[in-house]
Amino acid sequence: MNAPSGPGIDPRWTSSSKDGVGTAISDLSRVWFTLSHGILNEIYYPRIDIANTRDIQFLAADGDSFFSEEKRDTVHSIEPELNGIPAYRIINREKNGKYSIEKIVICDPDSDVVLQKVTINEQKPGSLKFFLLAAPHILNGGRGNTAWAQEYKGKVMAFASKDRITMAIGCDAGFGRISCGFSGVNDGWQDISKNKDVSMIYSRAENGNVAITCEISSANRSFTIAIGFGGNMYEAAQKVMRSLNKGFDRSHREYINEWKSYLKKHSTWKSWPGKLTMLSLSVIKVHQAKAQFRGAMIASLSIPWGRFKGDDDLGGYHLVWPRDMVEAAGALIAVGDYKAAVESLDYLAATQEGDGHWPQNMWLDGNGYWKGIQMDETAFPVILAGKLRSLGKIKSEKYIDMVSRAASYIARYGPVTPQDRWEEDSGYSPFTIAAEISSLLIAAEFLQDCGMIKKAEFLRSMADIYESNIEFYNYATGTDLAKSVGVEGYYVRISPPDDRGNFAESPIKGYVPVKNRPYSDSYVPAEKLVSTGSLSLVRFGIRKPDDRRIINTIRVIDSILKTETRNGPVWHRYNGDGYGEHSNGDAFDGTGHGRGWPLLAGERGHYELAAGNKENALNLLQAIERQTSSGGLIPEQIWDDQDIPAKGLYNGKPSGSAMPLVWAHAEYIKLAASISSGKIYDMPEETYRRYIENENQIRFSLWSFHNKQRAIPRGNGLRIALLAPAVIRLTVDDWASFTDIETADSGLGVHYADLSNIDQGCNRIIFTFHWKESDTWEGRNFQIDVI
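Residues numbered from 1 in each chain as written. Predicted model: local features only at pLDDT ≥ 70, side-chain atom pairs only at ≥ 80, totals over all residues. Heavy atoms only, no water.

### Concerning the overall build of the chain
Heads up, the condition is: Elements are defined by DSSP. Helices are runs of H or I of four residues or more, strands are runs of E of two residues or more, and each kind is numbered from the N terminus. Using C-alpha atoms as the atom set, the radius of gyration is obtained and then compared with a globule rule of 2.2 Å times the number of residues to the power 0.38. A simple rule labels every residue: compare its accessible area, found with a 1.4 Å probe on the protein chains alone, to the largest value its type can have, and call it buried under 20%, exposed over 50%, or partly exposed in between. Working rule for contacts: check all heavy atoms of both residues, and any pair within 4.5 Å makes them a contact. Using a 1.4 Å probe, accessible areas were evaluated by the Shrake-Rupley method; residue-level cover was limited to the displayed protein chains. By the counting rule applied here, Lys and Arg register as positive and Asp and Glu as negative, while His and the ends of each chain are not counted. One atom stands in for each charge, and that atom is NZ of Lys, CZ of Arg, CG of Asp or CD of Glu.
Of regular secondary structure, the chain possesses 19 helices and 35 strands. Computed over its C-alpha atoms, the radius of gyration of the chain comes to 29 Å, within 12% of the 28 Å expected for a compact globule of 787 residues. Expressed along its principal axes, the backbone C-alpha trace of the chain runs to roughly 100 × 55 × 50 Å. By residue count, 65% of the 787 residues in the chain fall in the buried class. Considering only intrachain contacts with a sequence separation of at least 6, the fraction spanning at least 24 residues in the chain is 68%. Carbon and sulfur atoms form 46% of the exposed surface of the chain, whose accessible area is close to 27900 Å². Once the 89 positive and 97 negative side-chain charges of the chain are each reduced to a mean point, those two points are 4 Å apart.

This is the structure in structure tokens:
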């Protein structure tokens, strides 16, 4: 009988605060799992960016008056069986002691199957019936699923499918009754919670938000559940059957041994400080793709505030962010997994867009998901290449195409970015500019290696121009905020581009449209916003840690963004951030109140180390350790307000944001490596040598169609950079006279002219263009004030 009254309630995902994530090392196993609240959550197959379940748990009932749900009605204990190995032992004890469920969760290293070895203990043996309840969300969605029960080779199994993916669920002890219904209407939870037993048996639920209920045989309280996947029911069922026939113990032994071998091979971290390095390494490794997408890494096996999100949020955080991925690859380099880091670079080379940039984020196949462009995400792959080159792990010739196209893009369209690293605002960001400068200098080394000396020198000159304008773009002085803290100035979070001529004196005088806040409260003067991103100027070797402007900014940052919690200090992304739970603990719903990010404590730890404060850096490493889940996973954000137990929010512990965050675990590893060596592990040699050791400085401003700078400091030279060859006609005396200057070809898509000797009495430069290829005039003038 088919279940009636479909398609069920609107589907939702589950908690983003994971207690465990896992996969096998072997490429033969293309499944990944997550755990929270004592139960299986999402299972991903055949790629790490495709979720196929919401959650899978047990229900208990006595046929009379008692009903219990494993997720909500038990006290959970979840921990890795062995330190750092993602095989988990879960013990769920019913709050009144009526039963306990013990589980070990792994993947079969030889197949696309997740295995649970389950032992049920009852206070009164035989008094309860137990049921497995599964919520399929095939192909990243709860809608359009079909579930049914069917025999395969003499064994009854439960199935769910959508399009090209089928899931099969089997048990070595066999199932009793199986019912397939629509969630929220006639699923097993609705039935058993009301009737204390299965009273409705539906063999099939077609095309909706479905749920599967499988009765556990009362004669067996120790059994193995296998959840397998394939292109059709026969393939999925065959995989389940083979894993069950193989036996849990053999799969378990192979799974553990593969992980032991990997961690032993990459064990440079053993002498480092900190307790979470091995765990963090395994978290990063779990988030790697396999097979044809080898090298790719997603940001997190979670969907932030997933319980409140449905099919419209297809990606969650199980997408590739080039920035996050490079951060993770850097951590793999630190522990000696050079092979995986090179594979990541190869993946990035294959997913680079034709014009040289990378998508804001993307599915494993390289198809962009969100459509923004972040210039730091074009810089970071070059920085990764530079690190591997400096270690002798790659040859410049192999990656020269990728590196030169990325550098060309940054030279053509930087330093302004359409989005900052927080994916919100366009403009001049200290963090982005630091990454751009680093990538330009690193790319120059690649070009020089390949004999392209002229191009290399051009990139170095662009890096110098970007570097010489950091303070013009981002350092605010004499503001009310500076006065209130008692400093002369500070670096702002971001300065908006002056596309409409709203201000001329300085970019800092513009307004920033702060996201995740009510519209009426969203536009804020740039000089009032600060972030921790300016510390990247030290991290990337562009400013000294004792530079007065850095010291001033730290005072402002700590007065506004730092919060002390029971588990140590934490910093917010920027003041006024709305990305986080509301003050009453309600989930982020497009607006909210930004919380503290542990990874920012890691970034601050790197600054403290650069400043010679090793003890402070170590204290921050230990603070991150205390801000984790009970299983040691590092969240995106922690709750830094008063406890709200009813919503699971405790001061200094994970909020409802993404957990684990791969970037945060990478930052932890790199901070541990930096403390161990006594210097910032991932500081580019090229920037440090040029700007700290050699103190290379120029005074040059930049104008381009992406950086229509309306004012330049007196005494600066000026580079006009275009995307096509032109003759620049300019005047410094309001057209009483003019000069024609032909642009030079950089060979990297930039045609430019440098004005090195601007008359000190000049107050205004006016210019236009004659385009050589079309033999046409621009038809309008542009103006720069000299101030």
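### With respect to unusual backbone geometry
Residue P46 is reached from Y45 by a cis peptide bond, and omega for that bond is -10°. One can find P46 in the loop between strand 3 (39–44) and strand 4 (53–61). Residue M659 is joined to P660 through a cis peptide bond whose omega torsion reads 0°. Even without a glycine there, the phi angle at L139 is positive, about 55°. Position of L139 among the secondary structure elements: in the loop between strand 10 (129–136) and strand 11 (145–152).

### A few points about the packing of aromatic side chains
Applied cut-off: Here a Phe, Tyr or Trp ring, Trp counted by its six-membered ring, pairs with any other such ring whose centre lies within 6.5 Å, and the pair is stacked when the planes are under 30 degrees apart, edge-to-face when over 60, and tilted otherwise. Counting as a charge over the ring demands two things of the Lys NZ or Arg CZ atom: a distance within 6 Å of the ring centre and an angle within 35 degrees of the ring normal.
Applying the stated rule across the entire model yields 35 aromatic pairs. Following the ring pairs from residue to residue traces out a cluster consisting of W703, F705, F767, F769, W771 and F782. Between K98 and the ring centre of F66, over which it is positioned, the NZ or CZ distance is 5.2 Å. Over the face of the ring belonging to Y681 we find K387, whose NZ or CZ atom lies 4.4 Å from the ring centre.

### Brief notes about the pattern of salt bridges
Selection rule: When a carboxyl oxygen of Asp or Glu is within 4 Å of a side-chain nitrogen of Lys or Arg, the pair counts as a salt bridge.
One pass over the full model with this rule turns up 63 salt bridges. Where K117 meets D249, a salt bridge forms, and the shortest distance between an N and an O atom there is 3.4 Å. Separated by 132 residues along the polypeptide, K117 in strand 9 (residues 113–122) and D249 in helix 4 (residues 248–265) bring together distant segments of the chain. Judged by relative accessible area, D249 falls into the partly exposed class, the value being 48%. It is possible to trace a salt-bridge network through shared partners that takes in D420, E424, D425, R493, K515, R573 and D577.

### Here's the deal with helix 5 (residues 277–286)
The buried fraction of helix 5 is high, at 10 of 10 residues. Inspection of helix 5 places T277, M278, L279, S280, L281, S282, V283, I284, K285 and V286 among the buried residues, and these make up the whole buried set. Taken together, the buried residues of helix 5 touch strand 1 (20–23), strand 2 (32–36), strand 7 (85–94), helix 4, helix 6 (322–334) and helix 18 (662–677).

### Things to note about the sheet that holds strand 13 (residues 165–171)
Remark on secondary structure: sheet strands pair via backbone hydrogen bonds, oriented parallel or antiparallel. Operational definition: Strand pairing is assigned whenever DSSP identifies at least 2 bridges connecting the two strands. For helices, the axis comes from a line fit to the C-alpha atoms of the stretch in contact; other axes are also lines fit to C-alpha atoms, and the angle between any two N-to-C directions lies between 0 and 180 degrees.
Taking strand neighbours across the sheet as the criterion, the nine strands line up as 6-7-8-9-17-13-12-11-15 in an open arrangement whose pairing is antiparallel. Looking along the sheet, the strands with just one partner apiece sit at the ends: strand 6 (74–82) and strand 15 (204–208). Sheet twist, expressed as the mean angle between neighbouring strand axes with direction ignored, is 20°. The sheet contact formed by strand 11 and strand 12 (residues 155–162) spans seven bridges and is antiparallel.

### A few points about the packing of helix 10 (residues 430–449) against helix 11 (residues 453–468)
Put simply, the rule reads: Throughout, the term roughly parallel applies to angles under 35 degrees, roughly antiparallel to angles over 145, roughly perpendicular to angles from 65 to 115, and oblique to all others. Handedness of each helix crossing follows the sense of rotation of the near helix against the far helix: counterclockwise by less than a right angle gives left-handed, clockwise gives right-handed. Side-chain classes are defined by residue name, with Ala, Val, Leu, Ile, Met, Phe, Trp, Tyr, Cys and Pro counting as nonpolar, Asp, Glu, Lys and Arg as charged, and the others, Gly among them, as polar.
In the contact formed by helix 10 and helix 11, the axes pass within 8 Å of each other and the chain directions differ by 165°. Taken together, helix 10 and helix 11 sit at an angle that is classed as roughly antiparallel. Both helix 10 and helix 11 take part in a crossing whose hand is left-handed. From helix 10, I433, E436, I437, L440, L441, A443, A444, E445, L447 and Q448 reach across to helix 11, where they touch I453, K455, A456, E457, L459, R460, M462, A463, Y466 and E467. Tallied by class, residues from the contact of helix 10 with helix 11 come to 13 nonpolar, one polar and six charged.

### Thoughts on the environment of A407
Assignment of secondary structure puts A407 in helix 9 (residues 396–413). Classification of A407 as buried rests on a relative accessible area of 1%. The spatial distance from the C-alpha of A407 to the C-alpha of S302 is 33 Å, given a sequence separation of 105 residues. Residues contacting A407, with those up to four places away along its chain left out, are L440, A443 and L459.

### Remarks on the sheet that holds strand 28 (residues 717–722)
Strand order across the open sheet formed by four strands is 26-28-32-31, with mixed pairing between neighbours. Lying at the two open borders of the sheet, with one neighbouring strand each, are strand 26 (700–703) and strand 31 (744–745). Note: strand 31 against strand 32 (residues 751–755), two bridges, orientation antiparallel. Across the sheet, D745 pairs through a bridge with H751, a residue of strand 32. Docked against the sheet, helix 11 engages strand 26, strand 28, strand 31 and strand 32, running at close to 100° with respect to strand 26.

### Topic: the side chain of E70
Within the secondary structure layout, E70 lies in helix 1 (residues 70–73). For E70, the contacting residues outside a window of four places in its chain are G38, I39, Q57, F58, H76, N92, Y99, I101 and K103.

### As for the pairing of strand 13
The element strand 13 is extensively covered by neighbouring structure, given that seven of its seven residues are classed as buried. Both faces of strand 13 are covered, namely the face carrying I165, M167, I169 and C171 and the face carrying T166, A168 and G170. Adjacent in sequence and paired antiparallel, strand 12 and strand 13 are bridged by two residues, among which D163 carries a positive phi angle near 50°. Looking at chain direction, strand 13 and strand 17 (residues 222–230) are connected through six bridges and run antiparallel. From the neighbouring strand, M167 faces strand 17, where its bridge partner is F229.

### Looking at the nonpolar core
What counts, and what does not: What makes a nonpolar core is a set of buried Ala, Val, Leu, Ile, Met, Phe, Trp, Tyr and Cys residues whose side-chain atoms join them at distances within 4.5 Å.
F33, I225 and L459 are the most contacted members of the largest nonpolar core, which has 231 residues in total. In terms of residues, this core owes the most to one element, helix 10, which gives 12 residues. Apart from residues no more than four positions distant in its own chain, L459 is found in contact with A407, A411, L440, A443, A444, L447 and L748. Counting residues in each nonpolar core, the second largest holds 19 residues, with I712, I765, F769 and V786 among its members.

### Looking at the packing of helix 17 (residues 614–626) against helix 18
The contact between helix 17 and helix 18 brings their axes to 10 Å, and the two run at 150°. Classified by the angle their axes make, helix 17 and helix 18 are roughly antiparallel. The interaxial crossing formed by helix 17 with helix 18 has left-handed handedness. Touching K614, A617, L618, L621, I624 and E625 of helix 17 are Y668, L671, A672 and I675, all from helix 18.

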